[in-house]
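An overview of the molecular structure
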Amino acid sequence: MANIRIEHVYKHYGKEKHPVVKDFNLDIRDKEFIVFVGPSGCGKSTMLRMIAGLEEITEGGIYIDDQLVNHLPPKDRDISMVFQNYALYPNLSVFENIAFGLRMRKLPKYEIELAVKKASRILEIESYLSRKPRQLSGGQRQRVALGRAIVRNPKLFLMDEPLSNLDAKLRVTMRMEIIKLHQDLKTTFIYVTHDQAEAMTMADRIVVMRDGIIQQIDTPERIYSLPSNTFVAGFIGSPQINLIEGRIQANARGDLEFVTSRLRIAIHEANAELLRKHERVDRTVLLGIRPENISLEALFSDAVITGKYRFTELMGADRFIYLDIGQEQLLSARVSPSVRFEPGASVRLGIDSLKTLFFHPDTGERFAD
Amino acid sequence: MNVLLRNSIRRFTLPRLLFVVVMLLFAVFMLLPIVFIVSHAFKPYDELFVYPPEFIVRRPTTQNFIELAQITSGSIIPISRYLFNSILISAATVLLTTIISAMCGYALAKQPFPGRKILFATIVLMLMFAPEVVQIPRYLVVSGLGLMNTYPGHILPLLALPVGVFLLKQFMEQIPNALLEAARIDGATEFGLFLKIAVPVCMPAVATVAILSFQNSWSNLETSSYFMQDDYMKTFPYFLSTLTSNLANNVARQGAAAVATLIVLAPNLIFFIILQRRVIDTMVHSGIK
């Protein structure tokens, strides 16, 4: 049970000019599952390590349950952490690995035994308690690492890319197990990953980071549908969101249109109001539209886009097609898997104009209400 | 089973076979001195001096052992005293050297402190010095500290083992930081990290340092010759060196000397064989990804 408050945290390494983490502010509620996500080198792991106490804080404060923990050593923070490479003690058996933290805290023998048994039952690793880590597979090792984390009943769980060493199938299984673990343990989790799928599936709230700066903190749904800038929009979602540069113009009837050299797309009334408010008429903007909002089904709408078919990616339930619309990047769209096109064919697709997003062409910020 | 056998035969290609043969010959060659020493100890006098010398004993006898016992029973200081000194000094040296080297290696590898690089460079530099170079300063230090004729006078000069520090530092650098961090979060103290994680993980290197240190101290003659004036403080290798020296002819006591050589060699061999298993076992299954 823990509320965590992170206030204006900075991290500088040595004499380097640019901070690794810059003005990080976050309030984490009790029992929340928070995911830090971002490309490698964005400072997410450093931030996690500062919360753990493994890294010193250059500036700012971290509070666990309103207690300032800046100078508290890791062992006194009542936290546990799961590492990317599991960090199991190779010289100790699985039982001893899980019991290590309890032994260090000098718990009576019977309590240790009970706690280890309980943790191993939850994670279904009872049958190999006497084995050494080297005799386990990657997935089993990860379970032991989780066992070592949960056995102490800490206030806060920290996980640093725990699934990135596992193969794709196992990763999905373990992802679900961690979600289940969070539901069962009812404890605060902070989870670091560079995998947007993990962030989207597990988090109560996602913190998207880039170059040490928080880009957006929000629920997965809102991060996906209302990204604060082009970076977040591009980082979350696969295939990536389509970004098209063009001008906003009013037509003869006074309705706003998005215009490029080859396209003319009608803008939905709700968005038109927004663009007028931000004074973007007769100026350039970036239009963002996710592949699933461009489709053959939306052809009845007044926002139609035509492009030359290039190639396709079949995902099983969906097929993504890539069209050349005279922009630098190809436009991706989701269609039914049964639809096929000839290479070079001209394809007309409809855009769900209510789902279009508009970004500032220079700053990349989304125009919001 | 058949397939397995066929596969293992197929794996023996000609270059591989040649390699194995060469290595086997090499191993036999390295083994020769040991075979000679063991066999020598059981040779009767006439065989000891046969020319050309023969490797394997023809008529083994225990006569040399009896001779050694007779020589020592006649002297004021019994052989057991020399052995006791040697065992005590070697045990203390191995224990202390291993602890000191491991602690030093751990600090150099995992505890950043100012001047760490210079300190390590100095230790590596020590590797260059031949023992003879430091003999006089060492004498002055031991005498200045008033350690003449004491056990610390034997032990102290052998404690600093630059090779050991170097080896353990290199090994401990390989320990993933995450392992130590995990233990730190689990509540281990810095000394706990060293004792419960770093040392067990680096067991092969620790065992190697123990072997090196044992060899260094068990066969050491220097401390007995220079720092000990009283005979009862001297060690077994010193006793061995006196067996045949200072005698009018070079035939007498050769049998006893052969046995004494075996006694010096045996612990070295046993110690190595015991620890070698541990070394290989830990090396193979380090379990770190």
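Let me begin by describing the structure that accompanies this report. Treat the numbers as computed from the prediction; the structure is a model and nothing was measured. (Residues numbered from 1 in each chain as written. Chains lettered and ligands numbered in written order. Predicted model: local features only at pLDDT ≥ 70, side-chain atom pairs only at ≥ 80, totals over all residues. Heavy atoms only, no water.)

Remarks on the sheet that holds strand E7 (residues 156–160) of chain A
Residue and element names in this part refer to chain A. Read from one edge of the open sheet, 6 strands run E6-E7-E8-E3-E9-E10, paired in mixed fashion. Where the open sheet ends on each side, the last strands, each with one partner, are strand E6 (79–82) and strand E10 (213–218). Recorded for the sheet is a direction-independent mean angle of 15° between the axes of neighbouring strands. Relative to strand E8 (residues 188–193), E7 runs parallel, the two being bridged by 5 bridges. Residue pairing for E8: Leu158 is matched across the bridge by Ile190. Sheet strands in contact with helix H5 (residues 168–185) are strand E3 (33–37), E7 and E8, and its direction is about 160° off that of E8. (Pairing = 2+ DSSP bridges. Helix = DSSP H or I, 4+ residues; strand = E, 2+ residues; numbered from the N terminus. Axes fitted to C-alpha atoms, helices over the stretch in contact; angles between N-to-C directions. Contact = heavy atoms within 4.5 Å.)

Regarding a nonpolar patch on the surface
All names here are of chain B. A cluster of nonpolar side chains, namely Phe19, Val20, Val22, Met23, Leu24, Phe26, Phe29 and Met30, defines an oily patch on the protein surface of about 820 Å² accessible area. By secondary structure assignment, the location of Phe19 is in helix H2 (residues 14–41). On the basis of relative accessibility, which here comes to 52%, the residue Phe19 falls in the exposed class. (Patch = residues over 30% accessible without salt bridge, like charges linked within 9 Å, V, L, I, M, F, W, Y side chains within 5 Å. Areas by Shrake-Rupley, 256 points an atom, 1.4 Å probe, with all protein chains shown as cover. Salt bridge = Lys/Arg side-chain N within 4 Å of Asp/Glu carboxyl O. Buried < 20%, exposed > 50% of the residue type's maximum accessible area, 1.4 Å probe, protein only.)

Details of the pairing of strand E17 (residues 319–324) of chain A
All names here are of chain A. Of all the 6 residues making up E17, 6 are buried; the element is thus mostly covered by neighbouring parts of the structure. Here E17 shows no split at all, with Arg319, Ile321 and Leu323 on one side and Phe320, Tyr322 and Asp324 on the other all buried. Relative to E17, strand E16 (residues 304–314) runs antiparallel, the two being bridged by 6 bridges. Note on E17: the bridge partner recorded for Tyr309 is Leu323. Hairpin geometry of E16 and E17 is characterised by an intervening segment of 4 residues between the two adjacent antiparallel strands and by a positive phi of about 100° at Gly316. Both E17 and strand E18 (residues 331–335) contribute to a ladder of 5 bridges, which runs antiparallel. Residue pairing across strands places Phe320 opposite Arg334, the latter belonging to E18. A loop of 6 residues connects E17 with E18, the two strands running antiparallel in sequence, and Gly326 in this loop sits at a positive phi of about 80°.

Some details on unusual backbone geometry
At the junction of Ser238 of chain A and Pro239 of chain A, the peptide bond is cis and its omega measures out at -5° in the coordinates. For Pro239 of chain A, the position within the fold is in the loop between helix H8 (230–235) and strand E11 (242–250). For the peptide bond that leads from Tyr51 of chain B to Pro52 of chain B, omega is -5°, which places it in the cis range. Structurally, Pro52 of chain B can be placed in the loop between helix H3 (45–48) and helix H4 (63–74).

A look at empty space enclosed by the protein
Summed over the entire model, instances satisfying the criterion amount to 2 cavities of 30 Å³ or more. Volume-wise, the second largest cavity comes out at about 50 Å³. Taken together, Ser80, Met81, Phe83, Tyr89, Arg148, Ala149 and Arg152 of chain A together with Ala182, Ile185 and Asp186 of chain B make up the lining of the second largest cavity. Per-element tally for the lining of the second largest cavity: the top contributor is helix H10 (residues 177–186) of chain B, with 3 residues. Split by residue class, the lining of the second largest cavity holds 6 nonpolar, 1 polar and 3 charged. (1 Å grid on protein atoms, 1.4 Å probe; cavity = no way out; pocket = protein on both sides within 12 Å on 5 of 7 lines; lining within 4 Å. Points joined across faces, edges and corners; volume = space filled by probe spheres on them. Nonpolar A, V, L, I, M, F, W, Y, C, P; charged D, E, K, R; others polar.)

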